[in-house]
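Working through the structure, step by step
The chain contents come next:
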Amino acid sequence: MYTVKEIFYTLQGEGAQAGRAAVFCRFSGCNLWNGREDDRLISLCTFCDTDFIGTGQDGGKFATAEALASRIGSTWKGEGGVPYVVFTGGEPLLQLDKALIELMHGMGFEVGVESNGTIAAPTGIDWLCVSPKGSAKLVQTSGQELKLVYPQLNAQPELFENLDFKHFYIQPLDDRAGINNTQVCIEYCMAHPQWQLSLQTHKLTGIR
Ligand SMILES: C[S@@+](CC[C@H](N)C(=O)[O-])C[C@H]1O[C@@H](n2cnc3c(N)ncnc32)[C@H](O)[C@@H]1O
Ligand SMILES: Nc1nc2[nH]cc(C(=O)O)c2c(=O)[nH]1
Ligand code: SF4
Ligand SMILES: [Mg+2]
């Protein structure tokens, strides 16, 4: 049984795949925050910008990998190109398994994942983005991109710069001081060119 908050067709907004059409499958639930505002500040992750509680209008419970894969397939609206699904959440690695990945591959999809890195990833993911959270132990130390929300207490970029990733991104923390955070990130990337700036372009463009 998979519990899914929402499934929707959009453009990937962040990281190296920004601008690419994708079906987003947002799983419900996270291991670093229960999603309730009252508990945010006592959680391992305190700055989440996402509602991942329960099942939304475009989500639901899926009894089998086949049923979920089929819904993802029918949500893809592109012609030509390579179909792309991004599994996110919440924390997708609480639910994503090899069976679902293999079904998506069988349907011709490339599989992307957005994870907090606290759970080892199954094999077969085509594009794994790990986004470490300061107070949580990092378990998954390899992948295609490491995307660090910055600035973040207990998660200085230097802690991650030698890990096994192809791309290293700094993404401005979206909070009340959002504009200043962007400037701080720009300055960090200019001083440390191993890191590139990732903007949340879906927020800038007003898409989902
Ligand atoms: C909502 S999370 C879901 C996936 C996974 N739980 C994780 O944290 O990577 C998706 C992406 O949004 C980033 N993110 C969450 N809240 C943010 C915020 N307030 N500002 C900037 N990025 C944020 C996360 O770091 C992650 O890269
Ligand atoms: N367009 C768009 N791009 C995204 N990249 C990562 C997202 C996420 O919430 O995981 C996200 C999202 O929610 N929307
Ligand atoms: S780990 Fe990801 S989904 Fe969980 S609370 Fe943090 S940003 Fe949100
Ligand atoms: Mg998001």
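Residues numbered from 1 in each chain as written. Chains lettered and ligands numbered in written order. Predicted model: local features only at pLDDT ≥ 70, side-chain atom pairs only at ≥ 80, totals over all residues. Heavy atoms only, no water.

Under an unreviewed UniProt entry, the chain has the name 7-carboxy-7-deazaguanine synthase and belongs to Hydromonas duriensis. We quote the UniProt Function (unreviewed entry) comment for the chain here in full: "Catalyzes the complex heterocyclic radical-mediated conversion of 6-carboxy-5,6,7,8-tetrahydropterin (CPH4) to 7-carboxy-7-deazaguanine (CDG), a step common to the biosynthetic pathways of all 7-deazapurine-containing compounds." UniProt lists a comment for the chain under the heading Catalytic activity (unreviewed entry), and it reads "6-carboxy-5,6,7,8-tetrahydropterin + H(+) = 7-carboxy-7-carbaguanine + NH4(+)". (UniProt positions renumbered as here; feature names shortened; annotations may be inferred.)

1. So, unusual backbone geometry
Trans is the prevailing form of peptide bonds, just as negative phi is the prevailing case for residues other than glycine. Cis geometry marks the peptide bond from G89 to G90; its omega dihedral reads 15 degrees. Here G90 is to be found in the loop between strand 4 (84-88) and helix 2 (98-106). Residue Y150 is joined to P151 through a cis peptide bond whose omega torsion reads -5 degrees. Here P151 shows up in the loop between strand 7 (142-150) and strand 8 (164-172). (Helix = DSSP H or I, 4+ residues; strand = E, 2+ residues; numbered from the N terminus.)

2. Let's talk about the nonpolar core
Ranked by internal contacts, the top residues of the largest apolar core, which has 38 residues, are F27, L68, I72, F87, L100, M104 and W195. With 4 residues, helix 1 (residues 65-75) is the single largest residue contributor to this core. Excluding anything up to four places from it in sequence, I72 contacts V23, C25, V85, F87, M104 and F109. With 6 residues, the next largest nonpolar core counts A22, F24, Y84 and V86 among its residues. (Core = buried A, V, L, I, M, F, W, Y, C linked by side-chain atoms within 4.5 Å. Buried < 20%, exposed > 50% of the residue type's maximum accessible area, 1.4 Å probe, protein only. Contact = heavy atoms within 4.5 Å.)

3. What about helix 2?
Given 3.6 residues per helical turn, the α-helix brings residues three or four places apart onto the same face. Listed in full, the buried residues belonging to helix 2 are L100, I101 and M104. Looking straight down helix 2, one finds its buried side chains confined to an arc of 100 degrees; they lie on one side. On the buried face of helix 2, the contacting elements are strand 1 (2-11), strand 2 (21-27), helix 1, strand 4 and strand 5 (110-115). Looking one or two residues beyond helix 2, the residue adopting positive phi is G108, at roughly 90 degrees. (Arc of directions from axis to C-beta.)

4. Digging into the site of ligand 2
The full set of residues close to ligand 2 is T10, L11, Q12, G13, E14, F24, R26, T88, E114, H202 and R208. Q12 is positioned with one of its side-chain polar atoms (N or O) 2.5 Å from a nitrogen atom of ligand 2. In the model, an oxygen atom of ligand 2 is placed 2.6 Å from a nitrogen or oxygen of the T88 side chain. Burial of ligand 2 by the protein chains amounts to 92% of its free accessible area of 320 Å². Breaking the shell around ligand 2 down by element, the ones donating at least two residues are strand 1 and strand 2. Classifying every residue of the shell around ligand 2 gives 2 nonpolar, 5 polar and 4 charged. (Near = heavy atom within 4 Å. Polar contact = N/O pair within 3.5 Å; in protein donor to acceptor, adjacent residues only side chain to side chain. Areas by Shrake-Rupley, 256 points an atom, 1.4 Å probe, with all protein chains shown as cover. Nonpolar A, V, L, I, M, F, W, Y, C, P; charged D, E, K, R; others polar.)

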